[in-house]
Structure formats: C-alpha cells, structure tokens
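Spelled out from the first residue to the last, the chains are:
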Amino acid sequence: MKNHKLFSILLSAILFFLLVPSASFSQDYYVYVAAESEDEVHLIHLDGKTNKAKIAKTIQVGRYPTETDGPHGINISLDGEYWFLSIAHGNPYGMLAKYKTGTDELVATTDLGMFPASMEISKSTGLLYVVNFNLHGDMVPSTVSVVDPDYMEVITDIKTGIMPHGSRITDDGTKQYHVSMMTDELYEINTAGLNVNRTLSLKKNAMKMDGMEDHSDDSKEHKENHEKHMKDGTHEEHSNKENEMKEDHSGHDMDGMKKDSGMKMMHAKPEVKPTWADPHPTKPLVYVAGNGSDEIIEIDTEKWAVTRRFKSGKAPYNLEVSHDGKILVASYKGEGATGIFDLESGKEIAKVKNSRKVTHGVAISSDNRYAFLSVEGIGGEPGSVDIIDLRTNERIAVVETGKQAGGIVFWKQVAP
Amino acid sequence: MKKINSITKLVGIAVLTVVLLAVNSKAQDKKIVFDTEMLSLKLNEETKISAKVVDADGNTTQDSLVFFTRNRRSLIVTPDGNVKAIQSGKFSIIARTLTANRADRISATLAVDVAYPPVKSVTFLNAPENFYNTTTISLETKVVDEAGVTRDNVDVKLSSSNPDVASIDAFGNLKAHKKGSFTITAKAENKSATWKFKVSENPIASMDISHNYDGKTIRTGDVVTFEAIAKTSKGDAVKDAPIKYTYIAEPDDNLGQGASAQIAQSGKFVASDPGLFTIVATSGDKSTTTTIKAVPRNVQRPLTLVGKGIVSHTRTSDLWVWEGVDGRDYALTGTWGGNGEAIFWDVTDPSKITPIDTVVVDARTVNDVKVSEDGKVAVITREGASDRKNGIIILDVTNPRDVKIHSEYTQDLTGGVHNTFIYDNHVYAVNNGRKYDIINIDDPKNPKTVGVFELDTPSHSIHDVWIQDGIAYSSNWSDGIVAVDIGSNASADLPGAGGSPENPVQLGSYAYPSGWNHAAFPFKSESTGDFYVLGGDEAFPYGLNTEGANRAAGWIHFVKFDDWDSPAEVARYQVPEAGTHNYWVEGDILYVAMYNGGLRVVDISGELMGDLYDQGREIASFYPSDSEAYIPNATFTWGPQPYKGYIFLSDWNSGIWALKLGESTSQGTN
C-alpha cells in the first residue's frame, strides 16, 4: 500500500514535470473528424503559431466501396493509442471500428445496433459506451452498447429511450449521460453497474423522475408518462405508427434470446428534442442541447432537476463544456453558427458564423484555447472544420473536408 | 534550454516507464479465478457463474469484474455472470476487471461446452424395393436430435450384418455381392435403425443409352439429357435398376486442360470445353457407353461503341432509358456521392448522347432512377439529404428538357431510399435497408403510402426490388430472393395469392449461404419456357481497399422456380476476378455489369446447368473508360439496359454509354 502511494506521488510529479512545460509551448493541435457522406476520416492539424490549419491525413473507412457506410461518432482511447469510429449503416446493423492513432490502421470491428452514433470511454471502467441512435428506424426504445475496447466485444446492451444520442461521461468515469431525443429525457447510466440509474424529463413542465432502476417498458416512469399523456390528452396527437412503441431488436436478433413483448405505448410529441449531453468537468452539472426548443439546459445532478435554461441559437445540436468548466460551446445546426456561453452567467457571449450550413460537432482543445466545429454543408459542397480561437471568439481557420463533416474529437496538442 | 528540456524529458520518460512497468507487474501479480474450471451446459440451460480476483498471496481483492462472450450468437452472458446456452458447441466466457488503465486490466477465459442434445432418431431415407445383385445404391440417413433439429454433424456408423452378401462403406454406398439376406444398421450415438433386406437376382442382361440431342450438333453449354435403360434378356426394361453416370473426356485442347464437363446422376450432362465425351452408364456389372462430340459454342458477337455521355464531375449511378411522350428517346442517370443530381439525356441518336437537363435535389446520392411506363413520371431516390429526411422526388418528365418537380415525399422514408420501382401507378421505395413502402402516385403531386412490405426474419435487410406481372421480386441479402404478390395478373409465370399494393402477400423465397443477394430479376426462357429468378450478388470480400482499386466478387445465381415452394439453383455465371452488380435479361441474353469486369453479354438460351462462364456462353464484353471521366481510364460498370436494339449502360466512373451488339458470324444461339 505504501509502495502504491509512493508510486502515485512519483507518477504525479513526473506527469506534472512532463506535461506542464509542454502545454506552455504547445503549438500543434490535432483533431479527427468524420465525413459521413464521404466515408472518410480526416486528421486535421492546426499550427497554433500561425493559426493555419490543414488536412494532415485522410483515412478511408467503411466496408463497401459502393455504399455510403456513414462514419458518424468518433472518440479516442484514454491513453490516446487508438481512435474509435461508429459506422452508422449496415445490413442492417452498424459497427464500431478501432484504429491505431498515428498509423491509422484498422485494428478490429464489432457489430453494434441500428445507426450507432456518439461514444466515449469511461475513466472508471475502461469500457466504451456507444448509443445506438436508430435515427431512421421505428420510434422504439433503443440501446446503449457497452463495448470492451480491447477485445472489441459488446459486453451488454443497456435499454434506453427513443433515438438516444450524445454519449458523454463524467470526468471520474462513473456516470454516462445521453439523451433520448424523442422522449425529451436525460439518461444517467451507472458505468460500473451497467444500468440506467435514473432519467429526467427535460420538458419545461417536467415531473422529477429519480430513483429509477430500469427503463423497461412497464416501468414506473413509462406508466407515469403514459398516464400523464392520457390525462392531458396528448395521446390524441400520436395515433400514428411513428408513436407506437415496440421493442427495438438492434443487435439482438439472436436465436433464443428473450425479448419483450413489444408493448405499444403512446408518447407525447417531443418538445425539447435533446441531442447532446455533456457533464461539467468539476461540478455536478450536465448540459443538454435542446435541439427542438432552441436552448441549452443545465441539470443539477445532485438535485436531479433542471436548474437553468439558456436561450440559444437555432437548433443546437452538439455541445462541449471547456475543460476548465468556464464556457460551453454549442453547434447551432439550424443556422450554421456556433454559440459560446459563459457558464457562470448563462449568457451567450458570442455567436460565430460558420463557413457553411448545418453545423454539427464540437471539440475543444485540451488547453481550452480552440474550439473545432465540424460543419456538414449541403449536397455536394465539402464539409468543413471551422476553428474558433476561444480567447477572441473569432473564427481563425476553415479546413474543407469530405462531405457532411460530423463526428469530431480532439486528439492531442504537442510542441512542434 | 531546449536541450535541457529534452534531457529532463527523456529522464522523466525513463522513470515513468519504470513506474508503469511496476504497476503493470503489480497488475500481473493478480489473477482471475473462476468458480469452475470449465462450464458444461445443455442447450437452453441457464446458470450463474462467478469469479474473483486474487493477488499473488491468494487473497481476494476488491476489483470489480464483468463477464462477456465473443460468441454472442451462441451464448447469452450478462455482465454479472448469468449465462444461457442458445447453441451447442464449444465457446468461451471472458472475465475482465473494470479499470481505466490498460496496464492494470486483467482478464481470464472460461471454456464453455454446450452439449448437443442427444440424438432422438436415425432413419433411412431411400430404401429401395429391390436390390439387385452386383448393383450399388447410395443409402441416405437422417439424424434428428431431441431438440427436433436435423443434424449433419453426427457420426453415423453403417454396418452390414452380412458383408459377403452386401457391404456398405462409410459414405453409404451399399454394394450387392451375392444373393442372400442382410441387415444394415445405422447407429448415431446410442440410437440406431436397422433395415432388413435381401439381395435378389439381377435381371439385367444389357443396357442401352440415348440422349435428346440425337442428330443435332452439341455445343459447349448445351445440357444433354442421357437416359440409360437396363433390360432383361427378353428386352424388358428394369425400371428400378440403379444407374450411375460418368464420363471420359477427350477435350480438343489437351494442353493442361482442367475438368471439361460435368454430369449429374439424373443423366444431365454439359460440356465446358469442346471435344469428345464418352458417357458411361452402369448398373451392377453391366454398362453401356456412348460418345458425343461437343463443338465450340461460338456465340461471340461484335460489340461496338456507338456513343457516350461522359460525366466528369461526379460518379454516375443507375440509369433508365425510355421513349418520351414526344416519341424521342431519353435516358435518366443518377449520381453517387455528389450534389444530388439527376441528369437527363437525349439518346434518340445514340451516337450523340446529349445532356438536356439536370435536376438537383438536396442529397448526396441519387442512387436509383425510374420512369413510368407512359413516360410521364420519374422517381429519383435521395440519400444524404442535409435535413436527413431523404425519401423520393417525383418528377414530371413529359418534357425531359424542362423537368419539373411534382412532389417530394419523405413519409417513413427518412432512412434513405436506395432503390425503387414504378409499377401500375405505384412507387415501390426500398428504404432504410429494411423494407419497401408502396406509394400510390395516381396524383403524383400528392403521393400517399398505401402499403409496406417488410420481412420479419432476424436481422433482415433489403436492397432492391423489381416487379413483373404484379409480382415484386426483392433482393434481401441473407434472406435472398423474395417474391411478393402485389397484384399478380394472368401473365404471371406462377400463380399469385390475391395480393395487392395495400395487401402484399409473400409467395416464395430462395436464400443462399453467402448472403450476398443484391438484385433479383425474373425471366422466362424463350427457348425452354422455364421460369427463373436471377439472384445477383454484390460482395467485396477482400475488404475496403484504401490503397487502390477495389475488387468485387459474387456471381449471378440462376434459380429455377417450377412452383413457389421448390426453387432450385441450377446454374451460375461467375467471372473470376470480378463481381456482379446490376443486370437485365432480354431475349435469352443476359446483360450484366461486373464493376471492374465491365459489361458482359451472355447467352442464356436453352437449358441451364453449371457455370455458364466456363461454357463459352459469353457473347461479348466491353470495358468503358474515358480519359475525361470522373475517375479517368478506369472501368467500374454499374448497370445495363437493352433498349431498341442498343445496350445502354452506366458506369460509376464515367457516365452513360451506348453500344450495339453486332450479328453473329458463326453458329449463334438456340
């Protein structure tokens, strides 16, 4: 035990010694961005000295050269040795692909559910949590696939809401947050227990729903929601097929597996349409992009309640809290712009026009100096990575990418 | 200063390495111990496993564990150790510690043996009424286990009670040696079946053989049906005499020639190479032979380039050629991975293919294009729309020089429409890779969905649909070809089942092991009247080549449907080093796009058997490429359409092409 402590102190000292001087002189920044309609991933390099950025490398990804496989979510392993990519389309399931950083060689793949999207690895468990967005499927509950990133095997699929998106994990690695876009809910997953801890309705007149152990169809939460809809009459809006809840079989069509009975249930028309969740690095707060309500929603995870709502630009889609927890950067998908919020005041301190329409993802450099925004573009025009200097809140570079730039992740910051 | 920094960093890294190694070795001192050394389960049995982490001293640590398996289709394993066996076989379960650092992580594997259910029964399938001395028959057995599954992985031991009378080998070949009684026992595990029988006197005194090409020229690829008849000394036919067929080949080319023909035990024979073939029919100790000569098929015809419309700014996808309401001829091509364009061409003079209009929609790929039979309405598919709603665009093409948009339709089609077909004022839109929606376009400005067809098989997916005589033939990857009655009419080759667009009714299906079924095309052979559905593959089994040109694989499967319940795959067309994409049949000629293998024109007349490529049935080939193309000087052919004596084709790299198939200068087809 004593030895272990000594190692920890020594390790911390060495890391401090190594990293602090590097940070003060770092000038080269690297991000990976996926071009969803090009089946490419680009490694973007920004020279922090000249503010000039370019594509350092392009990696072809996918399975079929003559089908658009749709790389969507991307993230980096905790040690930076690998990057992981969700491939949204398949026959019918998508997959997770693992690449070696630096060489960018494909290491392994594993099948996931329908339209897998955003993901992150827990600092507590070392496991990867990826949401099966099921973007184009029936309006049915989907899953979060939990993957061992070494074995590249799915350990379990945790049942969640309809069209889950925005998988982000607390700094201590113990809680994963994502949103259920079509039920206006925030989900909290216990990363070690591999279960849903609780859900929270993000609607303005929401009821608090905590202490929930399992989000199964016949759960208390569903029943309450159902009763609520029946009472306020919202069920009448949802008599069409889209709102019939059935069990999603994403990734589970295995002989002999028990499946739920496919209970049909009405859901209210989503108001918030949340698309992303990101926990604060130090405080018990989670921020959610209200894509349908044009707002950023702050949730206090101790109170398990919405504490603030910030008016945002049109259709915020992804967001990221800076590593020092001071600001929040949100992509405004609906207006091709980026919003920058001061988290203390909750005010949008800057809105930066993007180089083209359909702003998608956000990644902030580890020194909080730059925000990298992926912008999809429309039709045949290239996508882009727009780079904003967070000291001036001005766009300082644009790198054109393959079509429909989407998933984006900051890789590293190094001295030249 | 920089130098000092470098030195200190190197020292730091060295120390860090030592520390990490120490931590790692600490982790390696631990190990995971399962509560059992091996797990043995019965099928469908459930159990709970546990494991613990112990340190070098054997003390249990507080590390958390999760369990999982790499055999998810065979075992259900929950992270906390609940296990259910859903398939028999040998598998494994992995336990690993939950740690962030890879160096701290340890794992262990537990072997799992899921026993097959015991054999319930073994039965003989083809015991004959008579077994004549000196003859040989093939005995077949069937093994069923207690789960009701027919098993082919059980060792069936066959033995004869009297080998001097009748002996049997490990493959089920039962040979009669002399008159007498015997019993054959088939034993599988602890179940057995017996067949008591006798060898009777062989009445066969002689054999005759004939075939259905008597007096006719036999070409390579022609399926010749031989019929051998065993006769008594009085000349009566012994109808139940077992007859085996084989052949001796003397091909014209003996320069390292490989197998040059094949023969089925039904007596059907086809030569791949020209030469002499002696067919041998035997029954017991009697045999007969006949020799035939197969000549080269000589179906090659000249294929001439007539015109081309080069698309140099994007990839080209599918095409459709039709006669416009003004009597001129037009073509519509889609684009792939571009700006959502559909390009209209005047092809009245195929030597002057001229672009006349372009419709641009919010999409990256317009994968498929179709035009209604009356030439007034077109449908183009959308994928990669910026609002992710995709769907279809219905166009007014009465004036292809000034195409108008009737409507955009996205309801339930947001997953992207990959392929489509227009039939009887309905659009069949294959979408989300899972289903096709049936959309009424009586009023093309106000389309409405009236029906949906979706399989309910596990992991089902779909790629394309083609409709003929009110029957939809969809291609469904691992679920294969699926025929659905959506309003079958009297012209249909096989009976319908009262389906309609509002009520599509499945008629039959045929799947094959590779799961590569990408296209389906029905055709009735003009020369034989046989009804086939061609299943076309799309496959890239060598993976995505990130360094150069991709290499496709797959072939055309000829599936003969005599009825909906008993389809039989009888032939294939497989080009080595290339793979199939879209294709079309007209007048007993197959036109098939082979990606890097260009266009192939294939004679599919007459009865079909074996690999048509080997039989010299290829009439012509063409490799479109152009220096001005989007991908210059490279062939990647997408799809053909024969039209008014020309062959139009789209090429992914280069655009639209028109070819003319010349007249044969030799023997021609049937």
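All figures in this text were calculated on a predicted structure; none of them were measured in a lab.

What counts and what doesn't
Residues numbered from 1 in each chain as written. Chains lettered and ligands numbered in written order. Predicted model: local features only at pLDDT ≥ 70, side-chain atom pairs only at ≥ 80, totals over all residues. Helix = DSSP H or I, 4+ residues; strand = E, 2+ residues; numbered from the N terminus. Buried ≥ 20, exposed ≤ 12 C-beta atoms within 10 Å, placed from the backbone. Contact = placed C-beta atoms within 7 Å. Pairing = 2+ DSSP bridges. pLDDT = per-residue confidence, 0-100. Axes fitted to C-alpha atoms, helices over the stretch in contact; angles between N-to-C directions.

Asker: Hey, could you run me through the overall build of chain A in this one?
Answerer: A count of helices and strands for chain A gives two helices and 28 strands. Taken over 416 residues, chain A has a buried fraction of 54%. Nonlocal contacts in chain A, meaning residues at least 24 apart in sequence, comprise 47% of its contacts between residues at least 6 apart.

Asker: I keep staring at the overall build of chain B and nothing clicks. Help me out?
Answerer: Across its full length, chain B holds one helix and 55 strands. In terms of its C-alpha atoms, chain B occupies a principal-axis envelope of roughly 100 × 90 × 60 Å. Here chain B, with 670 residues, has 43% of them falling under the buried criterion. For chain B, the proportion of contacts with a sequence separation of at least 24, taken over those separated by at least 6, is 53%.

Asker: What am I meant to see in the environment of A:T183 here?
Answerer: Residues and elements named next belong to chain A. When you line up the elements, T183 lands in the loop between strand 13 (175-180) and strand 14 (185-190). In this structure T183 comes out as buried when scored by C-beta crowding, with 29 C-beta atoms within 10 Å. Each C-alpha atom, one on T183 and one on K269, is 7.7 Å from the other, the two residues being 86 residues apart in sequence.

Asker: Explanation requested: the sheet that holds strand 13 (residues 150-151) of chain B in the structure shown.
Answerer: Think of a sheet as strands paired side by side through backbone hydrogen bonds, with each pair either parallel or antiparallel. Residue and element names in this part refer to chain B. Overall, antiparallel pairing links the three strands, which are arranged 10-12-13 in an open sheet. Two strands close off the open sheet at either side, each with one partner strand: strand 10 (119-124) and strand 13. Inspection of the sheet shows strand 12 (residues 141-145) paired to strand 13 by two bridges, in the antiparallel sense. Pairing of V143 across the sheet is with R151, part of strand 13.

Asker: Can you help me understand the pairing of strand 44 (residues 517-524) of chain B in this one?
Answerer: Looking along a regular strand, one sees the side chains alternate between the two faces of the sheet. Residues and elements named next belong to chain B. Within strand 44, seven of the eight residues are buried, which leaves the element mostly enclosed by the surrounding structure. Note that strand 44 and strand 45 (residues 531-537) share seven bridges and pair antiparallel. Looking across to strand 45, one finds that F521 is bridged to L534. Here strand 44 folds back onto strand 45, and the loop between the two strands holds six residues, one of which, G529, carries a positive phi near 80°.

Asker: Looking at this model, I keep getting lost on unusual backbone geometry. Mind explaining?
Answerer: Leaving glycine out, the prevailing phi sign among residues is negative, and the prevailing peptide bond configuration is trans. Residues and elements named next belong to chain A. With an omega of 0°, the peptide bond running from N91 to P92 counts as cis. Topologically, P92 is positioned in the loop between strand 5 (82-87) and strand 6 (95-100). Although it is not a glycine, W304 adopts a positive phi angle of roughly 50°. Mapping W304 onto the fold places it in the loop between strand 18 (295-300) and strand 19 (305-311). Positioned with a positive phi, Q404 is a non-glycine residue whose angle comes to about 60°. Relative to the helices and strands, Q404 resides in the loop between strand 27 (394-401) and strand 28 (405-414).

Asker: So what exactly am I meant to see when it comes to the pairing of strand 18 (residues 191-199) of chain B here?
Answerer: Residues and elements named next belong to chain B. Of the strand pairs in this sheet, strand 17 (residues 180-188) and strand 18 are connected by nine bridges, and their pairing is antiparallel. Looking at the pairing, T183 lines up with K196 of strand 18. As consecutive antiparallel partners, strand 17 and strand 18 are separated by two residues, and within that stretch E189 has a phi angle of approximately 50°, a positive value.

Asker: How do you make sense of the confidence of the model for chain B when you look at a structure like this?
Answerer: Interpreting fine coordinate detail is not advised for predicted regions of low pLDDT. Per-residue pLDDT for chain B has a mean of 93; in total, 94% of the residues score no lower than 70. Under the prediction, the complex receives an ipTM of 0.88, its pTM being 0.87.

Asker: Even after reading the chapter, I still don't get the sheet that holds strand 54 (residues 646-651) of chain B, so can you show me in this structure?
Answerer: Residue and element names in this part refer to chain B. Spatial strand order, 27-55-54-53: four strands in an open sheet with antiparallel pairing. Across the chains shown, the open sheet's two edge strands, defined by having one partner strand only, are strand 27 (303-310) and strand 53 (637-643). Adjacent strand axes in the sheet meet at a mean angle of 20° when their direction is disregarded. In this sheet, strand 55 (residues 655-661) lies alongside strand 27 in antiparallel orientation, the contact comprising seven bridges. Within strand 55, the residue paired with L303 across the bridge is L661.

Asker: Help me understand the environment of B:D273 in this model?
Answerer: Residues and elements named next belong to chain B. Along the chain, D273 falls in the loop between strand 24 (268-271) and strand 25 (275-283). Note on D273: 20 C-beta atoms within 10 Å, which makes it buried. Once the C-alpha coordinates of D273 and P251 are considered, the two residues, 22 residues apart in sequence, prove to be 6.4 Å apart. Sequence-distant contacts of D273, that is, excluding residues within four places in its chain, are made with T220, P251, D253, Q257 and S260.

Asker: Is there a simple way to explain the environment of B:P458 in this structure?
Answerer: With respect to the helices and strands, the residue B:P458 is situated in the loop between strand 39 (448-453) and strand 40 (464-468). Linking B:P458 and B:G267, residues 191 residues apart in sequence, is a C-alpha distance of 40 Å.

Asker: Looking at this structure, I do not really get the confidence of the model for chain A. What am I missing?
Answerer: Considering every residue of chain A, the mean pLDDT works out to 85; 79% of them sit at 70 or more. Of the regions scoring below 50 in pLDDT, residues 208-265 of chain A engages in 107 contacts with residues more than four places distant in sequence or in other chains.

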